[in-house]
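What the coordinates show
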Amino acid sequence: MNHSDVVVIGSGFAGLMAALVSACQKKSVTVLAYGAGSFPLNSGVVDILGYDKDHKAVASPLAALKDLPAEHPYHKIGQKTIEQAVEFFLGFTKAQGYAYTGSLDKQQWLPTPAGTLKPSCLVPESMQAQALHEKEIVLVGVKGLKDYYADIAAENLKKWLGLKQEIKTTELDTGLKDGRDLTTLDVARWMDTEKGAEECVRQLKPFGGPDKVFIMPQILGTRKLAIYEKLESSLETKIVESTGMPPSANGLRLRDLLLEALRELGVSIVENTRVEGFAAEHGKCQAVIAKGAVRARKYYADKFILATGGFYSGGIVMRDFGDAKEVVFGLPVELEEDPEKWSDADLFAEQAFAKTGVRTNDSLQPVDAKGNCIFTNVYAAGRILSGYDFCYEHSGNGVALASAYKAAMA
């Protein structure tokens, strides 16, 4: 019989964080993974809260939490738990040699490929952008890189920063030619090679110096901070890595960091397995039934953490309007029932459909319409939770981190 103290369903940021915190509590943990989660799709930064309900930029994420709507997951998680989750994450990344910087008290602003600035809370050292306000900027493009236009980004960034002087640009030629546009991941893998890193230094050296700062696409290798540190040392120039379009090199760095730590802690990771059912008795889940490539198996545990995501990742499905379903346990789903209010014509407005998710109590245990706990040993974490539009408010990885921590510590 496959029995663990904790079974985590899902391998996105929420799932892997829940597994990590559980394992650090000396629990035996099994992760049931189907796919790579959202890591290739985001920049790997942790946005706690970027914008308020009026879509105004938040100066202090911690101070702004109190003004969120009552149904927001952060109110259920609680400020103390959010603070503990952030402290845990910062300590973990530092210990693993991939330190993140930031705090709940002050927002950070990161350059994007479009030449705008994006708010975030916790970012890798390579993306810490304070130097943009202190040094002369050189924006680095890459020949053939998809969706990254250095001249346009430089023009836009000059306006955002209110600079009088022009932002200089240069283009890195990787020599990579395979008949298609390059992605940041292609270039990051080239940078992992000794030849690639040395060629990058050679081409950028004439533009560097201690009074300069390079803004580079998300191409600084696929493994922790090795390339970032090598370039800063060799060029004697501050480097700031921008956010980027998928696939995200930094998101994959974070995923690899978490997976490496989980394996060192003895966590069992079962890949390419889809959870299709469960066995329960007297309001307590006994096991989940997961189908791999060959056959279905039961995974027993004392506690289950559901981190399968929302509509985007298939954790919630809806074939007919109003008939949304959570796919593992068949849990009740909260959603806007009026089709006229389902979405806003303004693409960048808050969207009601984005708040669709599983209804929980303050312990993150799923509940029915009357607030009764359905399973006493099942907890929800991440995008599966109802009550927030992560895209509008820039809170996705923040809710994932804090809810995963709370679920694991329950």
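Presented here is an overview of the structure given in this document. The shown structure was predicted, so the numbers you read here are calculated from the model rather than taken from an experiment.

Within the chain one finds 11 helices and 19 strands. Its C-alpha atoms give the chain principal-axis dimensions of roughly 70 × 45 × 40 Å. Expressed as a percentage of the 410 residues in the chain, the buried residues total 54%. Partitioning the contacts of the chain with sequence separation of at least 6, the portion at a separation of at least 24 is 66%. In the chain, 46 side chains carry a positive charge and 52 a negative one; their mean positions are 4 Å apart.

Another aspect to go through is the packing of aromatic side chains. Taken as a whole and assessed by the stated rule, the structure comprises 12 aromatic pairs. Residues F89 and Y100 carry aromatic rings whose centres are separated by 4.9 Å and whose planes lie at 75° to one another, so their mutual orientation is edge-to-face. Of this pair, F89 sits in helix α4 (residues 79-95) while Y100 sits in strand β3 (residues 100-101), and the two are 11 residues apart along the sequence. Here F89 and Y100 have matching classes, each one buried. Seen from their ring centres, F311 and W342 are 6.4 Å apart, and the 70° between their planes marks the pair as edge-to-face.

Next up on the list: the side chain of Q96. Its location among the elements puts Q96 in the loop between α4 and β3. Setting aside residues no more than four positions away along its own chain, Q96 makes contact with K224, L257 and A261.

In this structure the tally under the stated criterion is 0 disulfides. Of the cysteine sulfurs around C373, a residue in no disulfide, the closest is that of C285, at 12 Å. The class for C373 is partly exposed, based on a relative accessible area of 34%.

All right, on to the pairing of strand β8 (residues 168-172) then. In this sheet, β8 lies alongside strand β7 (residues 136-142) in parallel orientation, the contact comprising 5 bridges. Along β8, the bridge assignment pairs G141 with E171. Regarding topology, helix α5 (residues 150-161) serves as the crossover connection from β7 to the parallel β8, and that connection is right-handed.

Moving on to the nonpolar core. With 122 residues, the main nonpolar core has F13, M17, M216, L231, V288 and F329 as its most contacted residues. When residues of this core are assigned to their parent elements, the largest contribution, 9 residues, is made by helix α1 (residues 13-24). Sequence-distant contacts of F329, defined by excluding residues within four places in its chain, comprise I9, F278, C285, V288, L306, F375 and V378.

Calculation criteria
- Residues numbered from 1 in each chain as written.
- Predicted model: local features only at pLDDT ≥ 70, side-chain atom pairs only at ≥ 80, totals over all residues.
- Heavy atoms only, no water.
- Helix = DSSP H or I, 4+ residues; strand = E, 2+ residues; numbered from the N terminus.
- Buried < 20%, exposed > 50% of the residue type's maximum accessible area, 1.4 Å probe, protein only.
- Contact = heavy atoms within 4.5 Å.
- Lys, Arg positive; Asp, Glu negative; His and termini not counted.
- Charge placed at Lys NZ, Arg CZ, Asp CG, Glu CD.
- Phe/Tyr/Trp six-rings, centres within 6.5 Å; stacked < 30°, edge-to-face > 60°.
- Disulfide = S-S within 2.5 Å.
- Pairing = 2+ DSSP bridges.
- Right-handed = clockwise from strand over helix to strand, strands pointing away.
- Core = buried A, V, L, I, M, F, W, Y, C linked by side-chain atoms within 4.5 Å.

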